[in-house]
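Structural description and commentary
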Amino acid sequence: MASANRIAEVLETESELTPYRPSDFPRRVTDDHIRFEKVTFSYGGVKNDVEDISFTLQPGQTLLMHAGASGLASVVIPMAKAFGMRVITTVLSDEIAEKVKPLGADIIVNTRKENIADVLKAQLEAGTPVDVAIDCLGGSFMGGCLPYLSHGARWIMIAALAGQLTQIDLKNIYVRNVRIIGSTLRSRTPAFKAELLAMLVKDVWPKVEAGMMKPSFYKVLPIQECPCPRHQSIRS
């Protein structure tokens, strides 16, 4: 019921963003990498919170996407695979692991059976360390993972659902040149969101059109079965 009400609210909200179409951008053949060059942004527009950051995600690099059963992971994992990356993800049971297999992750870790830090250590020793991590969990185990990333790796925090505190070996951060980055979209300006949307349409949408990225569906129901009293507005 709550989800249906929220969907109705979203459908009735007028967008502040400029719509973009894939045809608005020229098609070009690339070497299938994701590159950020001299990225600068601020939350309030007065002082830059991040300035002149550049990095590239190359095919064959490894992404750790925590919470493999989350809505975000259902998009990020296929996207990373479409750009040629290896993906490690985490879940809380073998049953969930089976359900997220179609997303295409190379390694699915049941963290109730395996310590994720031990898994990352094994990956580092095998020559396939994590280059980028997207973490919505945080918690005490986050700090224990950092020593087993690649040199120059980025650990991106987007939430702290498993806890806000952890213990970090600071020497490891500067010796291995690891960057911990905080990121949230909700507080960004409409102008920033419009720029991000344009980039997604330009660089990611062609992968969708080519069938390399597909949405995940748990169940399909007739709209007539929607329990929301406002479902008439959704139908229209």
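Every chain begins its residue count from 1, and numbering advances along the sequence as written. Given that this is a predicted model, residues contribute local features only at a pLDDT of at least 70 and side-chain atom pairs are listed and counted only at 80 or more, while totals for whole chains, interfaces and linings are drawn from all residues. The side-chain numbers reported here are obtained from all heavy atoms of the structure, hydrogens and water having been left aside.

Concerning the overall build of the chain
Helix and strand labels come from DSSP, where a helix needs a run of H or I of at least four residues and a strand needs a run of E of at least two; each type is numbered from the N terminus. Secondary structure assignment for the chain yields nine helices and eight strands. The buried share of the chain, reckoned over its 236 residues, is 33%. Counted over contacts in the chain with a minimum sequence separation of 6, partners at least 24 positions apart contribute 60%. Exposure categories follow from relative accessible area, calculated using a 1.4 Å probe and restricted to protein chains: below 20% of the type maximum is buried, above 50% is exposed, and the middle band is partly exposed. Contacts between residues were defined by any pair of non-hydrogen atoms, one from each residue, lying within 4.5 Å.

What to know about the side chain of Gln 123
If you trace the backbone, Gln 123 turns up in helix 4 (residues 116–125). If near-sequence neighbours (up to four positions away) are discounted, Gln 123 is found in contact with Arg 86, Ile 88, Ile 107, Thr 128 and Pro 129.

Examining the pattern of salt bridges
Any Lys or Arg side-chain nitrogen located within 4 Å of an Asp or Glu carboxyl oxygen qualifies as a salt bridge. In the structure shown here, the tally under the stated rule is four salt bridges. For Asp 106, the salt bridge identified is with Lys 81, shortest N-O distance 2.8 Å. With a gap of 25 residues between them, Asp 106 in the loop between helix 3 (94–100) and strand 5 (107–110) and Lys 81 in helix 2 (residues 71–82) connect regions that are remote in the sequence. Residue classification places Asp 106 among the partly exposed positions, given a relative accessible area of 42%. With a shortest N-O distance of 3.7 Å, Glu 95 and Lys 99 are connected by a salt bridge. Here Lys 99 and Glu 95 lie together in helix 3, a separation of four residues that amounts to about one turn. Of the two residues, Glu 95 and Lys 99, both sit in the exposed class.

Concerning the sheet that holds strand 8 (residues 179–182)
For two strands to be treated as a pair, DSSP must find no fewer than two bridges joining them. Strand order in the open sheet made by the six strands is 5-4-3-6-7-8, with parallel pairing throughout. What marks the edges here is a single partner per strand, and that holds for strand 5 and strand 8. Here the strands of the sheet are splayed against their neighbours by 15° on average, with no regard to which way each runs. The pairing of strand 3 (residues 62–65) with strand 4 (residues 86–91) spans four bridges and is parallel. The residue of strand 4 that forms the bridge with Met 65 is Thr 89. Axis angles are defined between N-to-C directions and span 0 to 180 degrees, where every axis is a line fitted to C-alpha atoms and, for a helix, only to the segment in contact. Across the sheet, helix 4 touches strand 3, strand 4, strand 5, strand 6 (130–135) and strand 7 (149–157), and the angle it forms with strand 4 is around 165°.

Comments concerning the pairing of strand 3
Residues Thr 62 and Leu 64 of strand 3 are buried on one face, and the alternating residues Leu 63 and Met 65, pointing to the opposite face, are buried as well. For the segment spanning strand 3, helix 2 and strand 4, crossover handedness is right-handed. Across three bridges, strand 3 lies against strand 6 in parallel orientation. Bridge pairing in strand 6 links Met 65 to Ile 134. Whether a crossover is right-handed comes down to one check: with the strands pointing away from the viewer, does the path from the first strand over the helix to the second run clockwise; if it does, it is right-handed.

Remarks on the nonpolar core
Membership of the largest hydrophobic core comes to 18 residues, with the highest contact counts inside it found for Leu 64, Ile 116, Leu 120, Val 130, Leu 149 and Trp 155. Counting residues per element, the ones that place at least two in this core are helix 4, strand 6, helix 5 (141–145) and strand 7. Filtering out sequence-adjacent residues up to four positions away, Leu 149 remains in contact with Leu 120, Leu 124, Pro 129, Val 130, Trp 155, Arg 176 and Val 178. Buried Ala, Val, Leu, Ile, Met, Phe, Trp, Tyr and Cys residues form a nonpolar core when they are joined through side-chain atoms within 4.5 Å. In terms of nonpolar packing, the next biggest core, distinct from the first, is built from 16 residues, Leu 63, Met 85, Val 91 and Ala 105 among them.

Some words on the packing of aromatic side chains
Centres within 6.5 Å make a pair out of two Phe, Tyr or Trp rings, where for Trp the six-membered ring is used; the pair is then stacked when the planes are under 30 degrees apart, edge-to-face when over 60, and tilted otherwise. The tally for this structure, following the rule as stated, stands at zero aromatic pairs. Between Arg 188 and the ring centre of Phe 192, over which it is positioned, the NZ or CZ distance is 4.5 Å. We call a charge positioned over a ring when the NZ of a Lys or the CZ of an Arg lies within 6 Å of the ring centre and within 35 degrees of the ring normal. Here the guanidinium or amino end of Lys 207 rests over the ring plane of Phe 83, the centre of that ring lying 4.8 Å away.

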